[in-house]
2 protein chains.
Amino acid sequence: MNTQFKKGVLDLCVLNQLVREDRYGYELTELISKELEVTAGTLYLILKRIKDDGYVTTYLQESDSGPARKYYHLTEKGRDYLQKQKAEWLEFLEKAGKLLA
Amino acid sequence: MNTQFKKGVLDLCVLNQLVREDRYGYELTELISKELEVTAGTLYLILKRIKDDGYVTTYLQESDSGPARKYYHLTEKGRDYLQKQKAEWLEFLEKAGKLLA
DNA sequence: ACATACTATTATGTATTGCAATATAGTAAA
DNA sequence: TTTACTATATTGCAATACATAATAGTATGT
């Protein structure tokens, strides 16, 4: 899969998985990987980024089967950002679509 | 406009403008700029890249009003590449769409 | 004890775009 | 004729985001 296509969109895909419920990193890796080819390393970098940017907060939680999980929770700022970026993405698709028609 | 969204797609937009007719660099800059924010520098890098990759050939032609124009012509290889990449782009959009729904 | 699955992290490399500057040839204006 | 502006092409450096690969810790099953 063309690596470049994902640039800028993966963030949104991750954030979008957090709209309804908090999720932990490994879980997100699997969710995203079902559709797009992404490695754990890439995912965790994104998670670090969106945390540094204040779009998510995190907390640890014990697990029955394995190491503790770090859960990611979408903040209001993150919700706003996601909404605006999704709109911008759709706008971009429309314009690019004209050039690719 | 989110810079990252364009990664990998600008190539296709440029190549797609060459399907029906040869065009010169400056002309392409204007065509693309009508829809997407791109600077000349970026466009010319793309043109250099797709030439190095053998997707286009070039030739100079005098102009009535200004310096000679460098025209870009789509090769068979370029046509194939464009077709495949467009398909891959659509496939990517479908998958990303699921994650963004 | 060992392999395996689950979970998280980090270092280094690569590709693409942004920004800004340079350069040259005409044309219009002062 | 000097100036300025438009048309055209090119290049260098910085910033960003993804890929790859390696590391590490915990629990479970054999």
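Structural notes, computed from the coordinates. (Residues numbered from 1 in each chain as written. Chains lettered and ligands numbered in written order. Predicted model: local features only at pLDDT ≥ 70, side-chain atom pairs only at ≥ 80, totals over all residues. Heavy atoms only, no water.)

**A short note on the pattern of salt bridges**
Okay, step 1: Applying the stated criterion across every chain, the model contains 14 salt bridges over all chains.
Okay, step 2: The partner of D11 of chain B in a salt bridge is R49 of chain B, and the shortest N-O contact between them spans 3.2 Å. With D11 of chain B in helix α1 (residues 9-16) and R49 of chain B in helix α3 (residues 40-52), this residue pair connects regions lying 38 residues apart in the sequence.
Okay, step 3: With a relative accessible area of 12%, D11 of chain B lands in the buried category.
Okay, step 4: For R49 of chain B, a relative accessible area of 39% translates into the label partly exposed.
Okay, step 5: Connected through shared salt-bridge partners, E21, R23 and E27 of chain A make up one network. (Salt bridge = Lys/Arg side-chain N within 4 Å of Asp/Glu carboxyl O. Helix = DSSP H or I, 4+ residues; strand = E, 2+ residues; numbered from the N terminus. Buried < 20%, exposed > 50% of the residue type's maximum accessible area, 1.4 Å probe, protein only.)

**What about the relation of the copies chain B and chain A?**
Okay, step 1: With an RMSD of 0.1 Å, the operation that places chain B on chain A is a rotation of 180° combined with a shift of 0.0 Å along the axis. In short, the pair behaves as if placed about a two-fold rotation axis. Judged by C-alpha distance, K7 of chain B is the residue of chain B that lies nearest the rotation axis, at 3.2 Å.
Okay, step 2: Here 100% of the interface residues in chain B have copies in chain A that are interface residues too; the copies meet face to matching face. (Least-squares fit on C-alpha atoms with pLDDT ≥ 70 in both. Contact = heavy atoms within 4.5 Å.)

**Remarks on the sheet that holds strand β1 (residues 23-24) of chain B**
Residue and element names in this part refer to chain B.
Okay, step 1: If you walk across this open sheet you meet the 3 strands as β1-β3-β2, and the pairing is antiparallel. Across the chains shown, the open sheet's two edge strands, defined by having one partner strand only, are β1 and β2 (56-61).
Okay, step 2: Inspection of the sheet shows β1 paired to strand β3 (residues 69-74) by 2 bridges, in the antiparallel sense. Paired with Y24 across the two strands is Y71, which belongs to β3. (Pairing = 2+ DSSP bridges.)

**Observations concerning the packing of helix α2 (residues 25-33) of chain B against α3 of chain B**
All names here are of chain B.
Okay, step 1: The interhelical angle for the contact between α2 and α3, taken along N-to-C directions, is 120°, at an axis separation of 10 Å. What the angle tells us is that α2 and α3 run oblique. In this structure, the crossing between α2 and α3 has a hand that is right-handed. Packed against α2, whose contacting residues are G25, Y26, L28 and T29, the element α3 presents A40, L43, Y44 and L47 at the interface.
Okay, step 2: Residues of the contact of α2 with α3, tallied by class, amount to 6 nonpolar, 2 polar and no charged. (Axes fitted to C-alpha atoms, helices over the stretch in contact; angles between N-to-C directions. Parallel < 35°, antiparallel > 145°, perpendicular 65-115°, else oblique. Left-handed = near helix turned anticlockwise from the far one by under 90°. Nonpolar A, V, L, I, M, F, W, Y, C, P; charged D, E, K, R; others polar.)

**Focus: the interface of chain B and chain A**
Okay, step 1: In this assembly, 28 residues from chain B lie in contact with 28 residues from chain A.
Okay, step 2: Both sides of the chain B and chain A interface together cover about 2800 Å² of buried area, and 69% of this is carbon and sulfur.
Okay, step 3: It is F5, L99 and L100 of chain B in chain B that bury the most area against chain A; as a group they hold 29% of the surface buried on that side.
Okay, step 4: For the interface between chain B and chain A, the tally reads 2 salt bridges.
Okay, step 5: Joining chain B to chain A, the criterion identifies 12 residue pairs in polar contact (both at pLDDT 80 or more).
Okay, step 6: Elements that contribute at least two residues to the side of chain B that touches chain A include exactly α1, α2 and α4 (76-100) of chain B.
Okay, step 7: For the side of chain B that touches chain A, the residue count by class is 15 nonpolar, 6 polar and 7 charged. (Buried area = accessible area lost by both parts, 1.4 Å probe. Polar contact = N/O pair within 3.5 Å; in protein donor to acceptor, adjacent residues only side chain to side chain.)

**As for the packing of aromatic side chains**
Aromatic rings considered in pairs are described by the distance between their centres and by the relative angle of their planes.
Okay, step 1: In this structure the tally under the stated criterion is 13 aromatic pairs over all chains.
Okay, step 2: Look at F5 of chain A and F92 of chain B: their rings are 5.9 Å apart centre to centre, the planes differ by 40°, and that puts the pair in the tilted class. With F5 of chain A in the segment before α1 (9-16) and F92 of chain B in helix α4, this residue pair bridges two chains. Each of the two residues, F5 of chain A as well as F92 of chain B, counts as buried.
Okay, step 3: Members of the aromatic cluster, joined through ring pairs, are F5, W89 and F92 of chain A together with F5, W89 and F92 of chain B. (Phe/Tyr/Trp six-rings, centres within 6.5 Å; stacked < 30°, edge-to-face > 60°.)

**A few points about the pairing of β3 of chain B**
Okay, step 1: In this sheet, β3 of chain B lies alongside β2 of chain B in antiparallel orientation, the contact comprising 6 bridges. From the neighbouring strand, V56 of chain B faces β3 of chain B, where its bridge partner is L74 of chain B.

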